Every structure is written in C-alpha cells, then in structure tokens.
Amino acid sequence: MEVEFKKPKQGDVPEIICTICPNSCKLQVFEDEQGEIQVEGAGCARGVEYGKEEYLDPKRMLITTIKIENGVLPVLPVRSQVAIPKEKIFDAIKVVNHVSAKAPVQMGDVIIPNLLELGISVIASRSMAAKNKE
Amino acid sequence: MSEIIDTDIAIIGGGPAGLAAALNASKRGARVAIIERDFELGGILQQCIHNGFGLTYFKEELTGPEYAQRFMDLLKETNVQIFLDSMVIDLSADKIITAMNPERGILKIHAKAVILAMGCRERTRGAINVPGMRPAGIYTAGTAQRLINMEGYMPGKRVVILGSGDIGLIMARRLVLEGAKVLVVAEVLPYCSGLVRNFVQCLQDYDIPLYLSHTITDIKGKERVKSVIISKVDENWMPIKGTEKVYECDTVLFSVGLIPENEISLKAGIKLDITNGPTVNEYLETTVPGIFACGNVLQVHDLVDWVTLEAERAGENAYAYSTNTSRGGKLLEPILTVPGENVGYIVPQRIDYLQDSKIVQFSFRPKSPDKNCIIEFVSNEKVFDKRKAKHIIPSEMLIYKIKLNPEEIGEKITINIKKNLKKSKEEA
Amino acid sequence: MMKPYDIAIIGGGVIGCSIARWVSKYRLKTILIEKHADVATETTKGNSAIIHAGYASSEGSLQSEMNVKGNPMFDQLQKEINFDFKRVGSFVVAFNDEDMKDLQKEQNQADKRNIPSEIITDIKRIKIMEPNIADNVKAVLYAPSAGIIWPFGLTIGLAENAYDNGVDLLFSSPVTEIQQKSNGFIIQAGQKQLNAKVIINAAGVYADEIARMVGADNFTITPRKGEYILMDRNAIPVNHILFPIPTPVSKGILVCPTIEGHTFIGPNSNAQNDKEDVSTTSAGLNEIIRGGRKLLPSIPLRKAIANFAGLRAVSDRDGDFIIEASEVENFINVAGICSPGLSSCLAIADLVTDIVKNHTTLSFGEKDSWNPIRFPQQRLKDMNEDTLAQAIKNRPEWGRVICRCETVTEAEIIDAIHRPIGATTLDMIKVRLRPRMGRCNGGFCTPKLLKILSRELDKLVTEIPKNDEGSEMVTDRTKFIENKPWKGETP
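Structural notes, computed from the coordinates.

Conventions and cut-offs
- Residues numbered from 1 in each chain as written.
- Chains lettered and ligands numbered in written order.
- Predicted model: local features only at pLDDT ≥ 70, side-chain atom pairs only at ≥ 80, totals over all residues.
- Heavy atoms only, no water.
- Helix = DSSP H or I, 4+ residues; strand = E, 2+ residues; numbered from the N terminus.
- Buried < 20%, exposed > 50% of the residue type's maximum accessible area, 1.4 Å probe, protein only.
- Contact = heavy atoms within 4.5 Å.
- Areas by Shrake-Rupley, 256 points an atom, 1.4 Å probe, with all protein chains shown as cover.
- Patch = residues over 30% accessible without salt bridge, like charges linked within 9 Å, V, L, I, M, F, W, Y side chains within 5 Å.
- Salt bridge = Lys/Arg side-chain N within 4 Å of Asp/Glu carboxyl O.
- Lys, Arg positive; Asp, Glu negative; His and termini not counted.
- Charge placed at Lys NZ, Arg CZ, Asp CG, Glu CD.
- Pairing = 2+ DSSP bridges.
- Buried area = accessible area lost by both parts, 1.4 Å probe.
- Nonpolar A, V, L, I, M, F, W, Y, C, P; charged D, E, K, R; others polar.
- Core = buried A, V, L, I, M, F, W, Y, C linked by side-chain atoms within 4.5 Å.
- Polar contact = N/O pair within 3.5 Å; in protein donor to acceptor, adjacent residues only side chain to side chain.

What to know about the overall build of chain A
Each helix and strand counted, chain A has two helices and ten strands in total. Across the 134 residues in chain A, those meeting the buried criterion constitute 43%. Counting only contacts in chain A whose residues sit at least 6 apart along the sequence, the fraction spanning at least 24 positions is 49%. Counting every atom, chain A has about 7300 Å² of accessible surface; 49% of that belongs to carbon and sulfur.

Some points on a positive patch on the surface
Residues and elements named next belong to chain B. Taken together, the side chains of Lys-386, Lys-388, Lys-390, Lys-422 and Lys-423 define a basic patch exposed on the protein surface. Secondary-structure elements contributing two or more residues to the positive patch are strand E26 (382–392) and helix H8 (421–427). Among the elements that make up the positive patch, the one with the highest residue count is E26 (three residues). The residue Lys-388 is located in strand E26 in this model. Taking relative accessible area as the criterion, Lys-388 reaches 68% and is therefore assigned exposed.

So, the pairing of strand E1 (residues 5–10) of chain C
Residues and elements named next belong to chain C. Most of E1 sits out of view: six of its six residues are buried. As judged from the five bridges shared by E1 and strand E12 (residues 192–201), these two strands associate in the parallel manner. Residue pairing across strands places Ala-8 opposite Ile-199, the latter belonging to E12. Strand direction decides the pairing type here: E1 and strand E2 (residues 30–33), joined by four bridges, are parallel. Across the sheet, residue Ile-10 finds its bridge partner in E2, namely Ile-33.

Some remarks on the interface of chain B and chain A
Frequently, the measure chosen for interface size is the accessible area removed from exposure when the parts meet. Each partner contributes to the interface: chain B provides 42 residues, whereas chain A provides 37 residues. The junction of chain B with chain A conceals about 3400 Å² of combined surface from both sides, 60% of it contributed by carbon and sulfur atoms. Sorting the residues of chain B by area buried against chain A places Glu-66, Leu-177 and Val-196 of chain B first, and these three jointly supply 16% of that buried surface. One can count four salt bridges joining chain B with chain A. Across the salt bridge formed by Arg-79 of chain A and Glu-66 of chain B, the nearest N and O atoms sit 2.8 Å from each other. Sorting the residues of the side of chain B that touches chain A by element identifies helix H2 (64–76), helix H3 (141–151), helix H4 (166–177), helix H5 (196–203), strand E14 (210–212) and E26 of chain B as the ones contributing at least two each. Taken together, the residues that form the side of chain B that touches chain A break down as 17 nonpolar, twelve polar and 13 charged.

Thoughts on the nonpolar core
Core analysis: the largest hydrophobic core is formed by 143 residues, its most contacted members being Leu-76 of chain A together with Leu-154, Ile-200, Ile-323 and Val-334 of chain C. If sequence neighbours within four positions are ignored, Ile-200 of chain C has contacts with Ile-7, Ala-8, Ile-9, Ile-10, Ile-19, Ile-332, Val-334, Val-352 and Val-356 of chain C. One finds Ala-21, Ile-35, Cys-48 and Phe-83 of chain B within the second-largest nonpolar core, a separate group that totals 64 residues.

With respect to the interface of chain C and chain B
The partner chain B presents 52 residues to the 63 residues of chain C that form the contact. Roughly 4700 Å² of surface becomes buried between chain C and chain B when both sides are summed, with 55% attributable to carbon and sulfur atoms. By the criterion of area lost to chain B, the three top residues of chain C are Arg-404, Arg-439 and Thr-475 of chain C, representing 12% of everything that side buries. At the surface where chain C touches chain B, the tally comes to seven salt bridges. For Glu-151 of chain B, the salt bridge identified is with Lys-451 of chain C, shortest N-O distance 2.7 Å. Across the contact surface, chain C and chain B share 23 residue pairs in polar contact (both at pLDDT 80 or more).

These results come straight from atomic positions and should not be treated as a statement about function.
Set out below in structure tokens:
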C-alpha cells in the first residue's frame with residue numbers, strides 16, 4: 001500500500017483493489033470477446049474470485065443505526081443479515097432512516113423484514129433494555 | 001464509611017478484555033468482580049457498530065455490539081459481581097481498589113489478584129501538536145463515533161479527517177451514511193494505515209480521496225471550524241511549503257492512534273513501557289505481583305479477537321495466582337526482551353520463570369511496512385527460532401508462540417525483522 | 001430609563017473583575033460589561049499564569065510599581081475568595097558569564113525593591129531543587145515569592161464575590177457605541193442600552209477601540225501573541241518557574257509547572273494587528289520547543305496535551321501600563337495591561353479605586369454589608385473519603401465521575417451550572433472544573449457534558465456551545481429523532 005490512492009478519474013478502466021489479504025493486488029477485470037470475465041493482476045485464486053464478484057455483483061453489509069423508542073439509548077445499531085447489493089446501500093439507508101424500533105429488543109430481532117424486497121432482513125446488533133418499564 | 005468487598009479477582013474495566021478475563025477466571029471457580037465506568041458493559045465495542053469482529057475467535061463475522069453481547073450473555077450465567085457506573089479512583093500495590101458509584105458510594109474492593117482491562121484513549125490533536133485555532137468542531141474519531149452511533153447526534157456536516165487508521169476510515173463511511181460530506185482523509189504516513197478492506201469499502205465506495213504523506217497544518221475559524229489547510233509532508237513529516245490545500249469544512253476528526261490508559265496503574269507503582277502499557281512478564285503480570293494486564297491497556301490491538309485471547313490468558317493466570325499455584329522457581333534476574341531491527345516493542349517485556357523449556361507468546365509490531373521478511377528470535381547471539389512473514393505493516397500486530405529452552409536463552413531475547421533477501425530476489 | 005449606574009466597567013478579564021470586586025465595597029451601583037459568555041476569555045485566558053516576584057520590570061515603570069505592590073496581596077485574597085495559588089519560587093537561569101551579569105542586574109533590582117532573592121551558584125543545590133534543569137546551568141537567581149496561579153479561579157472568584165456584593169454582570173454584550181452626555185455616558189452593549197456616570201475601560205486588546213468611542217484614545221494597543229504547549233501531569237517534574245535571561249521585549253520562553261500539576265513551555269512573543277487571531281503556528285511551536293529545551297532538555301513532547309496562544313495587550317507608551325483618568329471626564333483608562341498584569345491586578349484595582357475617588361464626584365461610602373468571603377464551590381479534590389461517602393449518600397451525583405482525566409463528578413458540574421455566574425457552555429465548565437482540559441481533550445466527557453448542560457438548562461443539546469454563539473458542538477440529530485432537551489439520570 002505504498003501508492004497514493006486517489007479518486008479514479010472518469011474514463012479510467014476501473015481498478016479493483018483486492019481486499020482478501022494485505023497484498024492489496026490491483027485487479028483489472030473485464031469481459032473478453034467470448035463474454036467471459038477475466039481477472040488480471042490477482043496473486044491467488046481467491047483474488048480471482050473476489051475480482052469477479054466485485055465486478056459482477058459487489059455486495060456490502062448494511063451497517064447503521066435505527067431510531068428506538070423508550071430505549072436506554074436513542075439509537076439501536078442494526079445490520080443486514082447478509083450483505084446487500086452495493087448500489088442499494090443508499091436506498092436502504094433511506095428506508096432505515098424512517099423506521100423506528102421499540103425497546104426492549106433482543107440481539108438478532110428482525111427490525112425490518114425483507115429490506116427493499118431483497119429477501120434480506122435488517123436485524124438488531126445488540127439487545128437494548130427499555131428505559132421505562134411498562 | 002466505605003463498603004468493603006472481598007473477592008478473588010477484581011477486574012478494572014468491562015470491555016472485551018474485562019469480559020473475557022472475567023468469564024475465564026469465573027469458569028475456573030474464582031469469585032470475580034468487574035468494575036465498569038459506563039452504564040453498561042461492552043466498552044468501546046458498543047459504539048463500533050461495523051462488522052469485521054470475531055473472524056478469529058468465533059469463526060464468523062460480527063458487529064462490535066454483537067461481539068460484546070455474546071460475552072455479556074455468557075456472563076449472565078455466572079455469579080460474577082458487576083459494578084456499573086463505577087469509577088476506580090485508586091489502586092494500591094496490595095491490591096485494594098477504591099471505586100465510587102452513585103448508588104453505593106465508596107467501595108473498597110480487596111482482591112487476591114487484579115486484572116487491568118481499562119483499554120485505551122485516543123491520541124488527540126494536542127498530543128500531536130497540530131497548530132491553528134481552537135474552535136468548536138474538532139473531535140477525535142471515537143468521540144464522533146459515540147455521538148453518532150450511541151447518542152444520535154451529528155458532530156458536523158462537512159468533515160475533514162486526519163489519520164487513515166481503521167476508526168478514521170470507518171467514521172468516514174458512517175458520516176456519509178448519516179448525510180454528512182467527507183471531503184478528504186489525510187494521512188501523514190506514505191501508506192494507508194487501516195485495513196485495505198476498510199479503504200475500499202469506506203473511502204473508495206464513497207469517492208472519498210485519501211491523501212498520503214499529508215497532514216493538517218492549520219485550522220481556521222473562531223467559533224466553529226471554517227476551514228483546514230492540508231499540506232504535503234517530506235520524509236521527516238515536515239510540511240512542504242507551497243503544497244497547501246484549503247478545505248472549507250465545519251468539522252475535523254482526528255484518528256491518529258490510541259494510547260493505553262494507565263493512570264490508575266501508576267497509582268499502584270506499576271512500571272510502564274514505551275507503549276504506555278505496563279511492562280509484563282510471560283504471565284501478563286505487571287511489575288506488581290498479582291496485578292495483571294490485558295487488552296488495549298497493555299498494548300493497542302488491531303483485532304478484538306486477540307484482545308479476547310490475551311484476556312483469557314490473564315484470567316487464567318490471575319486465577320492461578322489467586323490460588324497460589326506454583327510457577328516453579330523465579331529467575332534471579334528476568335530475561336529481558338529487546339526490540340531489535342524494525343521492531344517497535346515486545347510484549348512480554350521480560351521472562352520471569354524458565355526452569356524447563358516452555359512456550360511463550362510474543363506479540364510485537366514492526367516499525368515500518370515490509371515484504372518477504374524473516375523474523376528472528378535471538379539470544380546468546382544465536383538465532384534460536386525464526387519465522388517467515390510475507391507482509392508486515394505497523395498496524396498489524398505480529399503474534400508468535402515460541403518455545404524457549406533454558407540452555408539456549410541468555411540474559412536477553414532480541415527480536416529482529418529482517419528482509420528475506422533470497423525471497424525478494426526471486427520475486428524481482 | 002432605569003437609574004443610571006455609577007460605574008460601568010468594560011471588560012471582564014482579571015483587571016475588570018478585580019476592579020469590580022474592589023469597588024463593590026462601596027455604596028456604588030456598578031455593572032461589569034463583558035463581550036463573551038464568561039469572564040477571563042481573552043488575555044486572562046492565555047498567559048503564563050504566574051505571579052511574578054516583581055524585580056524584572058524596568059525601574060520607575062508603573063509595571064514595576066504595580067507588580068511589587070500586587071504580589072503580596074494574593075495571600076489575603078486567596079483566603080477570602082479561594083483560588084488555587086502557590087508560591088513555588090522562580091529561577092532565572094544563567095549559562096555563561098554574560099548571563100551572570102544580567103543575573104546580578106536583576107538581583108540588584110530585587111534588592112532595591114525589597115524583594116527576597118538569592119543567586120545560587122552551587123550546582124548540586126540547584127540540581128536538588130530542580131533535578132531536570134539543563135546540565136550546563138551556571139547559576140540561578142532564585143526568587144521565592146514568585147507563584148503560580150489558576151487565573152480562571154482567581155477571575156471567576158473576583159467576579160462572583162463582586163456579584164454577591166451587588167455588582168451587576170452583563171455577558172455576551174460587546175460595547176459598540178458610547179455617547180457622552182452632560183451627566184455621564186450612554187453605552188450600547190449588545191442589545192442593551194445603559195447609562196453610567198463613570199466608565200472604567202479595561203477592555204484588554206480592545207481598550208484603544210473602546211477609548212476611541214469617546215475620544216479618549218491617546219494611545220494604541222498592539223496585541224503580542226504568545227504560544228504555549230501544555231504537558232500532562234507526571235510528564236516531567238518541574239518545581240520552579242524557570243526563566244531564561246530576559247530579552248528587551250519579553251521574559252523569554254519559560255518552562256513552568258501549573259498549579260494543577262501540569263507543565264507548560266512558552267511563550268514566544270510576536271506582534272500582530274489582528275486582535276482575534278489566537279492560532280498557533282508550526283513555526284511558533286517549534287520556537288518554544290527549542291526555547292524550552294534550553295532550560296529543560298528532556299521535555300517529553302509526546303506527553304503534550306494541548307497547544308494554545310494568548311494575546312498580550314501592549315501599549316505604545318514603552319509597553320508600560322496606562323492607568324489614568326483620561327482627558328474625557330469620568331472616563332478611566334486601564335489599558336496596555338500586558339505582563340506582569342496578572343501579578344499586578346490587585347494593586348491596579350486599588351489604584352483605579354483611588355483614581356475614581358479622586359477624579360470623579362462619586363461618593364465612596366462603605367457598605368455595611370460588604371462580605372469579602374466568597375462562598376466556595378465544594379470540590380471532590382478537597383474531600384476525604386469519609387466526607388465523600390457522606391456526600392454521595394446525600395446526593396448520588398457525587399458518586400458519578402464524568403471527567404476521568406481530572407476526576408470531576410456530576411455533582412460538581414451541576415453546581416457550576418447553578419452558581420452565581422452559572423456555566424452555560426463547555427468552556428465555562430472547563431475553566432471552572434477542568435473537564436476537557438486534560439489529556440483526552442474532552443474525548444470521553446464531551447457527550448456527557450452536553451447532556452448535563454442540556455438537562456440543567458432545559459436547552460437542546462444542539463444549542464450548547466463551546467463558548468460564544470456560533471460555537472455549538474453538535475449540529476443535528478440523526479435519524480430524525482425528535483430534538484428536545486435531554487432528560488435522564490445517567491449521562
């Protein structure tokens with residue numbers, strides 16, 4: 001990682017930095033004439049896999065907080081059960097921003113089922129007791 | 001007037017280190033008490049809501065709160081005494097802890113063994129002497145993290161971050177997801193000090209530029225931050241004239257490292273190392289017998305999994321101490337560990353017992369990044385063990401279990417990180 | 001229009017507050033007008049916090065007269081209004097024969113002014129007194145009556161005691177206009193218009209601008225910036241105030257213990273036009289590091305907590321104090337109070353009281369009810385375990401430590417909010433009790449302090465400023481959470 005990382009310029013061939021190990025291989029991923037995905041620059045087989053996935057269907061965990069009523073804290077940390085498509089992150093945030101949980105909750109409780117019709121739930125990352133017992 | 005509490009093992013701090021140490025000691029049958037200053041257990045993990053925890057220890061990827069919750073849930077099954085909202089104000093060498101809390105007043109906790117698990121604090125703007133004005137809007141990354149993730153407040157709207165450690169990178173993403181604009185992350189080192197995954201997923205995903213070999217050379221604004229000046233630095237970290245860039249912003253986050261927090265340890269007369277953590281022996285015992293240290297109060301870890309494993313050892317060793325378990329004969333003079341070539345520090349700092357051959361865990365950090373290295377363990381001017389390391393970087397702790405044979409070990413053990421010239425040539 | 005004030009003091013620094021407290025003895029209707037939200041926010045905030053022995057200022061100057069007279073006055077005042085102050089003694093450090101001549105000159109001046117001093121040439125003794133002093137020290141001029149002080153405690157104490165004795169205090173009200181009328185002045189201060197018979201101008205670096213409003217500005221004030229680096233407790237033991245041989249413009253870059261057990265190095269001295277620029281600079285910080293290392297080579301920079309700068313208000317009359325009834329009737333200038341202003345503040349208050357007595361028609365009848373004793377705030381650091389245990393029993397907030405670096409409890413913070421000059425900002429909490437002043441720079445306690453202030457003042461957390469308006473700490477709530485004052489038990 002001795003290179004200065006900068007925002008890629010428009011028109012550049014997208015370079016994917018492999019995150020599998022600290023080697024940080026710079027991958028060139030492209031479709032060849034046969035329509036096959038080719039990964040160049042990977043130092044290992046896992047890197048090739050990573051390059052393909054990042055090229056075809058990059059996914060990220062949704063990690064944020066959600067408003068919680070009557071909790072010992074005003075916000076509850078939540079995450080998507082599994083990673084969601086990267087380009088859906090901001091849409092997901094919009095949904096999450098307008099949903100409110102109610103204490104008490106247990107870690108793993110489903111807070112938003114079927115986020116953006118993706119078949120993936122948003123779950124509580126921790127248990128949170130109620131501020132005032134009802 | 002003060003309440004006296006008698007226990008086998010008292011643990012200062014209920015974060016990941018304290019929790020793991022408590023569980024391990026309690027499992028063995030010790031009476032354990034945890035003293036925690038916050039209103040709940042879990043420590044800093046409660047604000048580290050991102051994922052990436054637990055891959056080593058649980059073999060699955062968890063968020064910080066989930067990682068903590070697992071231990072907290074296990075703790076509920078034990079009879080470990082927990083004092084929340086309680087601040088330790090004194091620790092004596094004879095292992096009496098003075099703590100205070102609103103409910104019970106002053107507590108005197110008499111313990112057979114004490115485990116220090118207070119964690120660390122963030123290095124500040126003041127500590128790295130960044131010049132400029134001192135308006136509102138200057139935060140450490142961790143404070144911003146607490147405000148956003150636990151208190152539900154935004155520290156600002158247009159943000160510049162100094163430091164590319166993992167907390168800085170993760171906060172860049174958090175701020176963006178909460179609607180702020182992150183203009184730039186500047187890093188004084190010539191490389192990104194956080195994990196490459198965090199660089200990709202926290203900066204690259206959101207088009208946030210990272211400027212390496214850059215630092216903040218001025219902060220402007222009277223009431224609130226108005227702008228910062230970022231300059232390129234030379235190899236001695238001195239700003240280069242003419243490279244100044246102005247960023248108009250209302251907030252500056254400093255993510256420039258962590259410092260073990262040992263003010264309490266000093267009260268017991270415990271000796272500290274250059275890390276600002278206590279110097280310990282191979283049992284993680286400080287210079288005061290029966291007081292152990294683990295987790296970030298001992299050395300700043302990059303993975304919480306290693307904190308847990310270290311804390312479990314501390315719990316086990318403290319339990320053994322509290323039951324007077326023999327360690328064999330103590331050496332007249334300890335064997336000192338010496339950071340050699342490209343090694344910043346070593347834990348443990350000394351070996352106190354070496355009757356028969358035994359396995360000792362060494363953890364240490366390189367001073368600068370390198371590739372294709374050989375790590376040499378040297379004593380009596382002989383390399384008695386060596387390991388290969390493909391990549392080393394200061395932000396990744398190196399941990400090795402090394403067998404020590406009394407006949408091979410002299411007064412000192414030196415660890416060197418050397419270039420594997422053969423391997424480097426091959427690659428070239 | 002309401003009854004006019006007899007005296008309006010402009011400026012709530014240590015000078016204005018000393019004068020306010022001094023004139024509070026008399027049956028005079030007095031008001032102190034301050035631009036910022038608190039007292040002690042400009043020159044009083046950024047200085048070396050030293051009560052000088054008094055030998056250094058040039059012979060015949062008002063500075064020397066005030067310092068010599070002012071230094072012994074602190075002991076009595078400390079008993080009355082309770083602030084942290086300790087006579088630790090100062091060293092002027094000589095390294096060569098040239099320096100020795102200066103040392104002798106300084107001692108002669110000390111002798112002339114009856115200030116106890118001693119030239120110590122016994123290196124062993126110097127090293128016992130100051131173990132980390134540079135090895136090439138040749139001699140020191142030791143002045144035992146020099147002391148270190150907590151300027152905020154002093155100034156707040158003076159203001160609170162003045163307030164308790166009937167002085168009105170007006171904050172966040174910059175004076176923008178003064179009209180002279182036949183029977184006094186009309187002062188525009190913030191949103192308020194006030195009438196006063198006598199004005200005392202103690203406006204620090206702005207004293208020339210205030211004087212100009214009535215044409216009493218036969219002087220100018222040039223700010224001289226001084227930069228400092230503050231080191232953590234236990235960073236390095238320093239027992240005395242260590243001065244180098246002074247230069248014509250300043251006492252030089254010193255190394256000094258603070259009353260709270262920290263160590264600072266600084267200040268440098270650079271004139272500037274800007275009266276607001278208190279920024280530190282790379283060059284300045286390097287300059288004071290170099291200077292400090294001459295006296296104490298082993299300064300551990302990695303134990304730095306903060307760097308900051310302050311402005312000295314330097315007059316164009318040879319840099320001497322200007323304390324006089326101006327050409328404008330009933331308008332008293334107390335201007336150009338640079339170093340040793342803090343050391344001189346009590347003597348200045350005395351002198352100003354005399355000037356007002358002699359140059360105005362105000363009648364100085366003494367109040368029967370004047371109380372010199374300020375009701376002190378109860379502090380954890382002054383309690384033993386038994387009294388603390390009892391205090392927690394009566395009030396659980398005594399048991400909750402909010403600031404871990406400086407060990408400050410929630411009870412102390414609540415009390416500071418509800419005292420006479422109640423804290424409404426983070427900086428006001430900081431200068432009263434020290435949270436955010438320690439090694440974590442407020443990293444741990446800031447969210448807690450914001451919540452406590454919100455609860456106690458019934459204000460939104462987003463409205464709580466660092467100091468003045470516009471310095472609010474957090475900008476918004478996340479997740480569209482309803483923004484209302486924080487109400488909770490455990491911040």
